[in-house]
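Topology and contacts: notes
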Amino acid sequence: MRNGDHKKNSIETRVLVLMPTGRDASLVCRTLGAAGIQCCICRDVEELTAEIQKGAGAVLLAEEALTSDSLDLLSSAFDSQPVWSDLSVTLFAGNAQNAELLAATVGNRFNVTIVERPIRIPMLLSGVRGALRARQRQYESRDFLRQLEESDYQKDLFLATLSHELRTPLNSILGWIQLLRSNDRSVNAERGLEVIERNAMAQAEIISDILFVSRIITGKLELEIEPVAIVPVIEQAIEVVRPSAELKKIKITTDFDVDGAIVEGNPERLTQIFWNILSNAVKFTREGGAIGVEVKFDEGKAKIVITDNGQGIEPEFLPLIFERFRQADSSFTRKVGGLGLGLAIVRHLVELHKGEVSVYSAGLGYGTSFTVTLPLAETEVLPTIVDDDEVQRDINAENILKGVRILIVEDNEDSRDMLTVLFSQMDAEITGMPSVDDAIEELKKRKYDVLISDIGMPDRDGYDLIRNVRSLPSENGGSIPAIALTGYASLQDRELALEAGFQAHCSKPLDIEELINTLSDILQPSV
């Protein structure tokens, strides 16, 4: 516990004592102190109310301290408590008659327990400990409310950042589209298309990160695990960020003492881990800086250390760096974009690989070091075998669509038109339908070679479509090969599509090469 936290906790659990006559206050505090309970003696009600504002676990009060004015002051202090607080007061009365009078006077003004003097020490300790336990529960409620408020604030901040990060590339996309439509000969069309593509991919990456985090939060992320050589995975991640590093003249050095290190993992997700860390390092390292990547053995584990001499991290933010919706700089003047989800994804992926990730920085201006530790696998990686059929499939993928009759079911007209143009360029025969009912009627009229359908459509979705299709006779298209092309992109969505009756599942935004290869796969057996 930090010194500040300990001091705050000490103030919040102390017992405030106001017993203005004789030695009662000192005797009570001595008794409580012997039992490990901290006390604070107050001289009058004014001092008591001031100390209550600082923090207290309970109040012990003698009836001699109460006058009409002091009672009003004390009641005002309790009325101003925050909603979670109900500070307990034990009021000592001189006799039974006074106790009844005090109950009538103050019993409904604040949380008070009235006892008669003299009181036995065991009863005093028991009462105080009970009051402190109740107060502790109140503090837990307070802390929970603060966490909710902080969470709401961070989510609001995240949504504001998300809006900015999505609108910025959208601004470039729409701006260049208007320029290209202007027919101004001075406009460089090739450059405009490059900008549009780059910004559309940036938007797709943002959306992918959000969906990925959603799958993590809901526990729907599943990994296909196999033995993986860790060094090639890291080298691949380095090659992905190298162009960005070279633009900033950042030198990336490697020290791989264990080229043969094998871990149990998912190659794609392992690459994502190191790509996220390395891209972060490139973002926050100044021009002409350096990034070092080291791999070594450590007690049956592979330890990967990625160090940069860049911006560094403030000590207060270090414990929060792997949390979702957290950014060290969330101001409008921040120099580096992004949603701040990358390192949260890193932590979850490392944990799914039964590993650990940590970060160290000496502070702003002193660089950052990330350490990923992964358990080594007990089996070896099998050599990669090139599939000649797969190579031939890639060569002939586009040719196989010539003359193929494709039925496209997509309620979004722009998407439907884009697919029509795409496949028409490959000499396929295309028919587009905007709804499930229209598609079913079309299948009854004409024979098609393949069906490509969206999932999320109004009235009836793609699952309704494929179930209806599969109930048709073969001559009416009941056995037609079908692909789900949808924005529902998780592993569970893929499984749902296959269970419903689709042969394949491709996610939006469209990867043309993937879609063509998928078409080739499901058409080749029947062509």
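Residues numbered from 1 in each chain as written. Predicted model: local features only at pLDDT ≥ 70, side-chain atom pairs only at ≥ 80, totals over all residues. Heavy atoms only, no water.

Comments concerning the pattern of salt bridges
Filter applied, for reference: Definition used for salt bridges: Asp or Glu carboxyl oxygen within 4 Å of a side-chain nitrogen of Lys or Arg. Helix numbers and strand numbers start at the N terminus; a helix is a DSSP run of H or I with at least 4 residues, a strand a run of E with at least 2. Type-normalised accessible area, obtained with a 1.4 Å probe on protein chains alone, sets the label of each residue: buried when under 20%, exposed when over 50%, and partly exposed for intermediate values.
Under the defined criterion, the tally for this structure stands at 18 salt bridges. Between Glu410 and Lys508 there is a salt bridge, with its nearest N and O atoms 2.8 Å apart. Residue Glu410 is found in the loop between strand 13 (405-409) and helix 12 (413-424), and its partner Lys508 is found in the loop between strand 17 (504-507) and helix 16 (512-523); the two are separated by 98 residues along the sequence. Note on Glu410: relative accessible area 3%, which makes it buried.

Considering the packing of helix 8 (residues 230-247) against helix 9 (residues 267-283)
Each pair of packed helices gets described by two things: the angle between the helix axes and the distance between those axes. Formally: Convention adopted: a line fitted to C-alpha atoms gives each axis, helices being fitted over their contacting stretch, and angles between N-to-C directions are expressed from 0 to 180 degrees. In this scheme, a crossing is called left-handed if the near helix is turned counterclockwise away from the far one by less than a right angle; it is called right-handed if the turn is clockwise. Residue contacts follow a heavy-atom distance rule, with two residues in contact if any of their heavy atoms lie within 4.5 Å. When residues are sorted by character, Ala, Val, Leu, Ile, Met, Phe, Trp, Tyr, Cys and Pro go into the nonpolar class, Asp, Glu, Lys and Arg into the charged class, and all the rest, Gly among them, into the polar class.
Orientation of helix 8 relative to helix 9, taken along the N-to-C sense of each, is 40°, at an axis distance of 8 Å. Crossing handedness for the pair helix 8 and helix 9: right-handed. Between helix 8 and helix 9, the contacting residues are Ile230, Val233, Ile234, Gln236, Ala237, Ile238, Val240, Val241, Ser244 and Ala245 on the first element and Pro267, Leu270, Thr271, Phe274, Trp275, Leu278, Ser279 and Val282 on the second. Residue composition of the contact of helix 8 with helix 9, grouped by class: 14 nonpolar, four polar and no charged.

Quick word on the nonpolar core
How we decide: Nine residue types can take part in a nonpolar core, namely buried Ala, Val, Leu, Ile, Met, Phe, Trp, Tyr and Cys, and a core is a set of them joined through side-chain atoms within 4.5 Å.
Ile230, Ile234, Ile273, Phe274, Val293, Ile304 and Val372 are the most contacted members of the largest nonpolar core, which totals 48 residues. Per-element accounting of this core gives the leading share, eight residues, to helix 8. The contact partners of Val293, leaving out residues within four places of it in the chain, are Ile234, Ile238, Ile252, Thr253, Thr254, Asp255, Phe256, Leu278, Ile304, Val305 and Ile306. Listed in part, the 24 residues of the second largest apolar core include Leu48, Ile52, Leu102 and Val106.

Here we look at the sheet that holds strand 2 (residues 39-41)
In plain terms, the rule: DSSP bridges decide pairing: two strands pair if at least two such bridges lie between them.
Ordered by their spatial adjacency, five strands build an open sheet running 2-1-3-4-5, and the pairing between neighbours is parallel. Each end of this open sheet is capped by a strand with a single partner; those strands are strand 2 and strand 5 (112-116). On average, each strand axis in the sheet is inclined to that of its neighbour by 20°, with strand direction left out of account. Relative to strand 3 (residues 58-62), strand 1 (residues 15-18) runs parallel, the two being bridged by four bridges. Opposite Leu18, over in strand 3, you have Leu61 as the bridge partner.

Some details on a nonpolar patch on the surface
Applied cut-off: Note on patches: the residues involved have over 30% relative accessible area and no salt bridge, like charges join within 9 Å, and the nonpolar side chains Val, Leu, Ile, Met, Phe, Trp and Tyr join within 5 Å. Working definition of accessibility: Shrake-Rupley area with a 1.4 Å probe, residue cover restricted to the visible protein chains.
A surface patch of nonpolar side chains, amounting to about 410 Å² of accessible area, comprises Val83, Phe144, Leu145 and Leu148. Examined against the element boundaries, Leu148 turns out to sit in helix 6 (residues 121-181). For Leu148, a relative accessible area of 40% corresponds to the partly exposed category.

Some points on the side chain of Arg142
Looking at where Arg142 falls in the secondary structure, it is placed in helix 6. Dropping the residues within four chain positions of it, Arg142 is found in contact with Glu12 and Trp84.

Structural notes on the packing of aromatic side chains
A ring pair, where both rings are aromatic, is described by two values, the distance of the centres and the angle of the planes. Selection rule: The pairing test for Phe, Tyr and Trp rings, Trp by its six-membered ring, is centres within 6.5 Å, and the orientation test on the planes gives stacked under 30 degrees, edge-to-face over 60, and tilted for anything in between.
Within the structure shown, the criterion is met by three aromatic pairs. The interplanar angle of 80° and the centroid separation of 6.1 Å between the aromatic rings of Phe322 and Phe370 together place this pair among those described as edge-to-face. Residue Phe322 is found in the loop between strand 10 (301-308) and helix 10 (342-352), and its partner Phe370 is found in strand 12 (residues 368-375); the two are separated by 48 residues along the sequence. Phe370 shares its class with Phe322; the two are buried.

Focus: helix 10
Counting buried residues along helix 10, eight of its 11 residues qualify, which places the element largely inside the surrounding structure. Among all positions of helix 10, only Gly342, Leu343, Ala344, Ile345, Val346, His348, Leu349 and Val350 are buried. Where helix 10 terminates, the next one or two residues include Lys354, which has phi positive at roughly 60°.

Comments concerning the confidence of the model for the protein
Note: predicted coordinates in regions of low pLDDT should not be interpreted at a detailed level. The criterion, for reference: Every residue carries a pLDDT, the predictor's confidence in it, which falls somewhere between 0 and 100.
With 87% of its residues at a pLDDT of at least 70, the protein reaches an overall mean of 84. Within the protein, the lowest mean pLDDT, 46, falls on helix 11 (residues 388-396), and the highest, 96, falls on strand 1. The model gives residues 328-337 a pLDDT under 50, and that stretch makes 12 contacts with residues more than four places away or in other chains.

Topic: the packing of helix 13 (residues 436-445) against helix 14 (residues 462-470)
Convention followed: Any angle from 65 to 115 degrees is called roughly perpendicular, while one under 35 is roughly parallel, one over 145 is roughly antiparallel, and all others are oblique.
As a packed pair, helix 13 and helix 14 sit with axes 10 Å apart at the nearest point and diverge in direction by 20°. If you check the angle between helix 13 and helix 14, you find them roughly parallel. The crossing of helix 13 and helix 14 is right-handed. Contact with helix 13, carried on its side by Val436, Ala439, Ile440 and Leu443, involves Leu465, Asn468 and Val469 of helix 14 and no other residues of that element. Here the contact of helix 13 with helix 14 is built from residues that sort into six nonpolar, one polar and no charged.

Let's talk about the side chain of Thr431
Using the following cut-off: Residues adjacent in sequence count toward polar contacts only when both atoms are side-chain atoms; beyond that, a polar contact is any pair of N or O atoms within 3.5 Å, and within protein one must be able to donate a hydrogen and the other to accept it.
Examined against the element boundaries, Thr431 turns out to sit in strand 14 (residues 429-433). Residue classification places Thr431 among the buried positions, given a relative accessible area of 15%. Only 2.9 Å separates the side chain of Thr431 from the side chain of Tyr448, close enough to count as a polar contact. Sequence-distant contacts of Thr431, defined by excluding residues within four places in its chain, comprise Ile406, Leu407, Ile408, Glu442, Arg446 and Tyr448.

A short note on the sheet that holds strand 16 (residues 482-486)
Strand order in the open sheet formed by five strands is 14-13-15-16-17, with parallel pairing between adjacent strands. Taken across any chain shown, the strands that pair with only one partner, and hence form the sheet edges, are strand 14 and strand 17. Ignoring which end each strand starts from, the neighbouring axes of this sheet average 20° apart. Pairing geometry for strand 13 and strand 14, over five bridges, is parallel.

Thoughts on unusual backbone geometry
Excluding glycine, residues mostly carry a negative phi; peptide bonds, for their part, are mostly trans. Looking along the chain, the bond that leaves Arg117 and enters Pro118 is cis, with omega of -5°. Inspection of the secondary structure puts Pro118 in the loop between strand 5 and helix 6. A positive phi angle, near 60°, is found at Asn183, a position not held by glycine. Relative to the helices and strands, Asn183 resides in the loop between helix 6 and helix 7 (189-217). Take Asn183: its relative accessible area is 67%, and that puts it in the exposed class. The phi angle at Asp459 is positive, at roughly 70°, despite the residue not being glycine. Here Asp459 is to be found in the loop between strand 15 (450-453) and helix 14.

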